[in-house]
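This is what each chain is made of:
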Amino acid sequence: MEKIKENISIFRKFLVFWWSKFIFWLKYLEEIVKRDLPFALMLINLWWRKFLIWRRYRLERYRRLIWYRKIANLFLTGVVLLFIYIFLVDINFLWLFGRSPGLYSINRPEQSVASEIITADGKLLGKYFRENRTPVSYEEISPKLINTLICTEDARFYSHFGIDFHGVLAAFKDMTKGKPRGASTITQQLVKNMFETRNHDYTGLFGYIPGLRLLIMKTKEWISAVKLEIFYSKEEILTMYLNTVNFGSNSYGIKTAAKTFFQTTPAELNYEQSATLVGLLKATTTYSPVLNPEKSKSRRNVVLENLFTHHVITRQECDSLKELPLKLDFRIEQSNDGNALYFKAYLAKFLEKWQEENDYDIYSDGLKIYVTIDSRMQIYAEQAVNKQMRRLQSRFFEHWRGRNPWQDEKHRDIPNFIEDLAKKTDAYIALKDSFDNNTDSINKYLNLPRKIKVFDYRRGEKDTTLSIMDSIRYMNRFLHGSFVALEPETGNIRAWVGDISFKFWQYDKVAQAKRQAGSTFKLFVYTAAVMNGISPCATRIDKPIAWRFMIGGKPRVWTPQNANREFLRYPVTLKNAFARSINTIAVQIAYEVGISEIIKYAHLLGIKSDLEYNPSLCLGSSDVTLLELVNSYSTVVNEGIYHDPVIVTRIEDKEGNIIYEHESEQKRVIPYQAAWLMTEMLKGGMTEPGATTKALWGWDLFRYNTNFGGKTGTSSNYSDAWFVGVTPKLVGGAWVGGEHRSIHFRSGQLGQGSRTALPIFGLFMEKVLADKTLKHYRGKFPTKPKETILLNYKCHTYVPPDTTLVDSSQLIITNPIPTDSIVPVVE
C-alpha cells in the first residue's frame, strides 16, 4: 500500500507539471483572442497551413515504414489524438463540448451548505438551507461506513487514479453480453454530485448530437476525476463524497442522513446502518427504508454481503446482521423545525440587507450565525405562552359559547366579517380567476367540505373535514399571544415567542404586528412629567375631566373614563396613579406637559412607530410593536441609556472566519434622575395600594432575592392586553388579543392585562429564577441613587377618611393646573 501511495504521489506531480503547461498555452491563446481577434484568426490560419504541410510530410514518411513501425506509428498517433481530444474537451474548444470544472472550481468546490443558528448558550437553534447539508471531517466518520462505501461503490478506490480501467473494461464486456452496468469510481461520482456535469450548463453544441453527449460527459468526468485525485488525498475525496451525496428525504450529506434516518452521528454508525445508507445511493426512492422497507432491507443485505466478500466481516457476522430488522428513528429536519420559529423568520429578514451588501447567502454558504437567544429561556418562554394561552382559550370558548366572537361595540355580529376575510385568501383569488368572477360558483366551492388540517392545542394540529368558509370561522375563534425578553444592560434578546403556532400563523406579534398599547404607554406620559419637573409624589384628583381640542377646524371634547368607570374623587400621588393605571390623572398630566413632549420621549426611549398627535395618545391609542415597547422599558431600567435590541452577536463563514461582529452603540436619552424616578414608579406597581402589577405576587418569584416592577395595559373593548415586567437584569413583555381587533373578551374581569398577559411573564420568570444555571438574572434594584435626586419620590398613598368632602364637580381643562398648588404626602 505504501508503494502504491508513493507511485501515486509521483504520478500526481507529473500530471500537475504537464497540466500547468496546458493551462499556460490555453491562457496565452485566450489573451490573443481578447486583444486582437483578426490577428488571432490569422495566427490560427497560419498554424493550420503548417499543420497540413507537416501532415503531408508525415504521410509520405509513413508509407515508407515497415509494417511493425506502421503499427507503432498508428498507436502513437492514436494516443496523441486522444490527448488532443481530452484537451479540446477540457478547454471547451469553440464551445463545442460545454464547459468543464476549472482548476479554481476543483480547488475551491462550491456546494450548498446549511447555515446554522447558534444560541448564546452554544445550542443549535435551527438552520437555513435549500439543501440540508452540514459537512463533517474525515475523523468524524465511522470507519465502518468508509469500509461499507468502498466495498460497495469502488473496491479498487485506493489503487486507481480516478479512473478504474479494470472496471471500465469489465463494464464494456458485460455490455456486449446484454448486461449493462456502471463503472464510475467514487471520484467520478463526486464530480457528478459536486459539479452537476450532466445538466444543461455543461452541454456544448456536440452535446445535442445523439451518441456524442454521453461520450463527452464521461470524458469530462474522467478529466475532472483525475484533477480531483491530483489535488486531494483519498481521505479528502471520501469526505467530500459523503458530504455531497444526496441520501433522499431532504438529507444531503452523511451528517444529515445519519440524523434523519437514525438520530445519530456519522461517527456512531454501525455496519447495518451504514449498509442501509450506502444501499440508498443506488436509488434513493426505490431503496428508501421509509417508502420501500422490504426493498431497502434486501439492498442492505446485498451491501453486507459485499463486506463479507471483501473480508471486512466474517460469514457469521454477515448472516447475523442480515437477520436484523430495519431499525429506523426517522425524522425529516425542516427549516421551520425546533424552537423560536418566529425569531428565525425575523432573523432571516434582518439579514437580508447584510447579505446583499456582503455577497453572502444564508441558505447555501454554511455560515454560523451566533444569536442572543438563550435556548433555556426560549423554552421557558414558549412553555409560558402555551400554558397561559391554553387556559385563556378555554375561557374564551366558554365565554362565547353559542355565539360568534366577531361583534361590534353593540354586541352584534359584524356583517360579512367571514366573507370579507375569505376574499383575502389565496383560494378565493384562484377561484376568482378560474370561474371568471362568478360569485355563485366561487361561493359553492368555498362551502364544499374537504379534508383539512387545522390548529389544535392538544396535538398541535388535527385532521378534520371543513369547508374553506368553516375553516376561517374556526381559526378566527382563537386568541393569540406573544412574548419577548431582553437584557436591559446589553439589549440582548433572550427569548422571542411570536404567536401560538408558526405553522398556522406566520404573522409575528413581537416585531411585526402593531396594536394599541393601552396603559403601558403611560410610561412615556410620566417620563415627560418628571422631565418637566413634576414629582412622582405630586398629586392630582381622580375625577371626571374633559379635554377640548380641534380636529379639521371643528371643536371636539374628549371625556376619558377609568377602566372601572368609577372615580376616587380625592387627590392621588402620581406614583399611585401610575401603579393603579388611573386614566384621568394620566390625561391631566398629558395636558400639562403637552402631547408633543410625550411623543418626544416615547421616540427617545425606543418607540419607532409613528404616533398620532391627539389627546387619546396618552392612554395608548397609537399602534406600537411589543418589541419596541419592551425595549423602551429596558431603556428606563438601564438608567436612561438606549441601545437597539440585539439579535446577532457575530457571524462566521464555513472556514470559521468572523465576517460580522456586533458593535454595541448606546446613548443616554434621558437623565439618570428621570430613569431613577421612573424605575421607582415601576417598582411601585408591586407595593402601591390597588396596583395592577401586584397580581405578580401570585407566582413563586420572591424566594430568589429579586425585585420586580411593571405595568399592565388594556386597550378599548379589551382588544389588546399587555404587560411589561421589569427586574434589574431582565425585562419581559407579553401581549394577548385576537387576530382581529373585533375578537376579544367582553369584560375586564376576563380581558384586562393583569388577567391575560401578566401570567405569561409570571410563568416565565418562575422558570428562569428557579434555574440555577440562570441565577445571574437574579438581583435587586439599588436602594441608593448614584446621583442626587432633586424631585421627591419617597411617598406613600394616603386615602382621606371621608372622600365625600372632595369637590366632585367636573373639571373642564382649559389651562394647565399649576404644579405648585399640589402638596405631596411625604414620609
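Residues numbered from 1 in each chain as written. Predicted model: local features only at pLDDT ≥ 70, side-chain atom pairs only at ≥ 80, totals over all residues. Heavy atoms only, no water.

Asks: Got a minute to help me understand the overall build of the protein chain in this structure?
Replies: The number of helices and strands found in the protein chain is 29 helices and 21 strands. Taking all 827 residues of the protein chain together, 49% fall into the buried category. Look at the contacts in the protein chain between residues 6 or more apart in sequence, and 70% of them connect residues 24 or more apart. (Helix = DSSP H or I, 4+ residues; strand = E, 2+ residues; numbered from the N terminus. Buried < 20%, exposed > 50% of the residue type's maximum accessible area, 1.4 Å probe, protein only. Contact = heavy atoms within 4.5 Å.)

Asks: How should I be thinking about the state of the cysteines in this particular structure?
Replies: Disulfides are covalent bonds that connect the sulfur atoms of two cysteines. Within the structure shown, the criterion is met by 1 disulfide. Note that Cys 537 is cross-linked by a disulfide to Cys 795, the S-S spacing being 2.1 Å. Judged by the sign of its S-S torsion, about -95 degrees, the bond between Cys 537 and Cys 795 is left-handed. Separated by 258 residues along the polypeptide, Cys 537 in the loop between helix H21 (522-531) and strand E9 (539-541) and Cys 795 in the loop between helix H29 (758-770) and strand E21 (811-813) bring together distant segments of the chain. (Disulfide = S-S within 2.5 Å.)

Asks: Any chance you could explain unusual backbone geometry here in plain terms?
Replies: In most cases, non-glycine residues show a negative phi, while peptide bonds are predominantly trans. Backbone geometry at Asn 250 places phi at a positive 60 degrees, although glycine is not the residue there. Its place among the elements puts Asn 250 in the loop between helix H9 (234-244) and helix H10 (254-262). Not every positive phi belongs to a glycine, and Asn 717 is a case in point at roughly 65 degrees. Structurally, Asn 717 can be placed in the loop between strand E18 (709-714) and strand E19 (720-726). By relative accessible area, which is 36% here, Asn 717 ends up partly exposed.

Asks: What is the right way to read the pattern of salt bridges from this model?
Replies: A side chain with one charge can pair with a side chain of the opposite charge if their charged atoms come near. Applying the stated criterion across every chain yields a total of 33 salt bridges. Notably, a salt bridge pairs Arg 156 with Asp 164, separated by 3.0 Å at the nearest N-O pair. Taking the relative accessible area as the measure of exposure, Asp 164 reaches 9% and is therefore buried. In this structure, the salt-bridge partner of Arg 331 is Asp 329, at a minimum N-O distance of 3.5 Å. Note on Asp 329: relative accessible area 35%, which makes it partly exposed. (Salt bridge = Lys/Arg side-chain N within 4 Å of Asp/Glu carboxyl O.)

Asks: How should the packing of H21 against helix H23 (residues 583-593) be read in this particular structure?
Replies: When two helices pack together, you describe them by how their axes are tilted relative to each other and by the distance separating the axes. Contact pair H21 / H23: the axes reach a minimum separation of 9 Å and the direction vectors enclose 50 degrees. When the axis of H21 is compared with that of H23, the two are oblique. Seen from above, H21 lies across H23 with left-handed handedness. Contact residues: H21 offers Lys 522, Val 525, Tyr 526, Ala 528 and Ala 529, while H23 offers Asn 583, Ile 585, Ala 586, Ile 589, Ala 590 and Val 593. Classifying every residue of the contact of H21 with H23 gives 9 nonpolar, 1 polar and 1 charged. (Axes fitted to C-alpha atoms, helices over the stretch in contact; angles between N-to-C directions. Parallel < 35°, antiparallel > 145°, perpendicular 65-115°, else oblique. Left-handed = near helix turned anticlockwise from the far one by under 90°. Nonpolar A, V, L, I, M, F, W, Y, C, P; charged D, E, K, R; others polar.)

Asks: What's the story with the sheet that holds E18 in this structure? I'm lost.
Replies: In any sheet, the strands associate via hydrogen bonds between backbone groups, in a parallel or an antiparallel arrangement. The sheet built from 5 strands is open, its strands ordered E7-E6-E20-E19-E18 with antiparallel pairing. On the outer flanks of this sheet lie strand E7 (493-497) and E18, each paired with one strand and no other. The average angle at which neighbouring strand axes cross in this sheet is 10 degrees, direction not considered. For E18 and E19, the ladder comprises 6 bridges, and the chain directions are antiparallel. (Pairing = 2+ DSSP bridges.)

Asks: Sorry, what's going on with the environment of Met 550 here?
Replies: Structurally, the position occupied by Met 550 is in strand E10 (residues 545-551). Among the residues examined, Met 550 registers a relative accessible area of 54% and is labelled exposed. Note: C-alpha distance between Met 550 and Asn 614 (64 residues apart in sequence) is 9.6 Å.

Asks: Could you clarify how one ought to interpret the nonpolar core in this entry?
Replies: Most often, soluble globular proteins have nonpolar side chains that are buried together. Counting 150 residues, the largest nonpolar core has Leu 347, Ile 369, Phe 483, Tyr 526, Ile 598 and Phe 764 as the members making the most contacts within it. Beyond its immediate chain neighbours, meaning those up to four positions away, Ile 369 contacts Ser 115, Glu 116, Ile 117, Ile 118, Tyr 128, Leu 347, Leu 351, Ile 362, Val 648, Arg 650 and Ile 651. The next biggest cluster of nonpolar side chains, apart from the first, holds 41 residues, and it includes Val 191, Ala 257, Leu 281 and Leu 321. (Core = buried A, V, L, I, M, F, W, Y, C linked by side-chain atoms within 4.5 Å.)

Asks: Explanation requested: a nonpolar patch on the surface in the structure shown.
Replies: A surface patch of nonpolar side chains, about 560 Å² in accessible area, is lined by Trp 48, Phe 51, Leu 52, Trp 54 and Tyr 57. For Trp 48, the location among the structural elements is in helix H2 (residues 37-63). (Patch = residues over 30% accessible without salt bridge, like charges linked within 9 Å, V, L, I, M, F, W, Y side chains within 5 Å. Areas by Shrake-Rupley, 256 points an atom, 1.4 Å probe, with all protein chains shown as cover.)

Asks: For this particular structure, what's the right way to read the packing of aromatic side chains?
Replies: Aromatic rings considered in pairs are described by the distance between their centres and by the relative angle of their planes. Counted by the stated rule, this structure contains 31 aromatic pairs. Seen in terms of ring centroids, Phe 261 and Phe 330 are 5.5 Å apart; in terms of plane orientation they differ by 45 degrees. Their pairing is tilted. Note that Phe 261 is positioned in helix H10 and Phe 330 in the loop between helix H13 (315-323) and helix H14 (341-350), a separation of 69 residues in sequence. Under the relative-accessibility criterion, Phe 330 is labelled partly exposed at 28%. Measuring from centroid to centroid gives 5.7 Å for Phe 397 and Phe 478, while their planes differ by 70 degrees, and the two rings are edge-to-face. Of the two residues, Phe 397 sits in helix H16 (residues 375-399) while Phe 478 sits in the loop between helix H20 (468-475) and strand E6 (479-486), which places them 81 residues apart along the sequence. Among the aromatic residues, ring-to-ring pairing joins Phe 397, Phe 455, Tyr 457, Tyr 474, Phe 478, Phe 504 and Trp 505 into one connected group. The ring of Phe 308 has Arg 315 lying over it, and the distance from NZ or CZ to the ring centre is 3.9 Å. (Phe/Tyr/Trp six-rings, centres within 6.5 Å; stacked < 30°, edge-to-face > 60°. Lys NZ or Arg CZ within 6 Å of the ring centre and 35° of its normal.)

Asks: Before we go on, may I ask you to explain the sheet that holds strand E15 (residues 648-652) in this structure?
Replies: Read from one edge of the open sheet, 5 strands run E2-E1-E3-E15-E16, paired in mixed fashion. In this open sheet, the two edge strands, each paired with only one partner strand, are strand E2 (124-128) and strand E16 (658-661). If you compare each strand with its neighbour and ignore which way they point, the axes differ by 20 degrees on average. Bridge analysis of strand E1 (residues 115-118) against strand E3 (residues 368-371) gives 3 bridges, and the strand direction is parallel. Bridging from a neighbouring strand, Glu 116 pairs with Lys 368 of E3.

Asks: Could you clarify how one ought to interpret a positive patch on the surface in this entry?
Replies: Taken together, the side chains of Lys 387, Arg 391, Arg 395, Arg 755 and Lys 767 present a region of like positive charge at the surface. With 3 residues, H16 is the largest single contributor of residues to the positive patch. Its location among the elements puts Arg 395 in helix H16. Residue Arg 395 is classed as partly exposed on the basis of its relative accessible area, which comes to 39%. (Lys, Arg positive; Asp, Glu negative; His and termini not counted. Charge placed at Lys NZ, Arg CZ, Asp CG, Glu CD.)

Asks: What should I look at first to understand the side chain of Ser 471 in this one?
Replies: Along the chain, Ser 471 falls in helix H20. Of the residues examined, Ser 471 reaches a relative accessible area of 10% and is grouped as buried. Engagement of the side chain of Ser 471 in a polar contact is seen with the backbone oxygen of Ile 468, the distance being 2.6 Å. (Polar contact = N/O pair within 3.5 Å; in protein donor to acceptor, adjacent residues only side chain to side chain.)

Asks: Honestly, the confidence of the model for the protein chain in this entry has me stumped. Any pointers?
Replies: Residues shown with low pLDDT carry predicted positions that ought not to be read at fine detail. Of all residues in the protein chain, 87% have pLDDT values of 70 or greater, and the mean over the chain is 87. Throughout residues 803-827 the model reports pLDDT below 50, and contacts reaching past four residues in sequence, or to other chains, amount to 50 contacts. (pLDDT = per-residue confidence, 0-100.)

Asks: What is the right way to look at H20 in this model?
Replies: Each α-helix winds once per 3.6 residues, and so residues spaced three or four apart point in a common direction. All buried positions along H20 are accounted for by Ile 468, Met 469, Ser 471, Ile 472 and Met 475. Down the axis of H20, the buried side of the element spans an arc of 165 degrees, and every buried residue falls inside it. Residues of H20 that are buried in the fold lie against helix H17 (417-422), helix H18 (426-434), helix H19 (439-446), strand E4 (450-456) and strand E5 (460-466). (Arc of directions from axis to C-beta.)

Asks: Explanation requested: the packing of helix H5 (residues 143-153) against helix H11 (residues 271-280) in the structure shown.
Replies: Taken N-terminus to C-terminus, the directions of H5 and H11 make an angle of 40 degrees; their axes are 9 Å apart at the nearest point. When the axes of H5 and H11 are compared, the pair comes out oblique. The two elements H5 and H11 cross, and the hand of that crossing is right-handed. Across from Lys 144, Leu 145, Asn 147, Thr 148, Leu 149, Thr 152 and Glu 153 in H5, the residues of H11 making contact are Tyr 271, Ser 274, Ala 275 and Val 278. Of the residues assigned to the contact of H5 with H11, the class counts are 5 nonpolar, 4 polar and 2 charged.

Asks: Could you clarify how one ought to interpret the side chain of His 480 in this entry?
Replies: Structurally, His 480 is set in strand E6. Overall, His 480 belongs to the buried group, its relative accessible area being 0%. Of note is the side chain of His 480, whose polar atom sits 3.0 Å from the side chain of Asp 499. The contacts of His 480, once residues within four sequence positions are left out, are Met 389, Asp 499, Ile 500, Trp 505, Lys 509, Trp 735, Val 736, Gly 737, Gly 738 and Glu 739.

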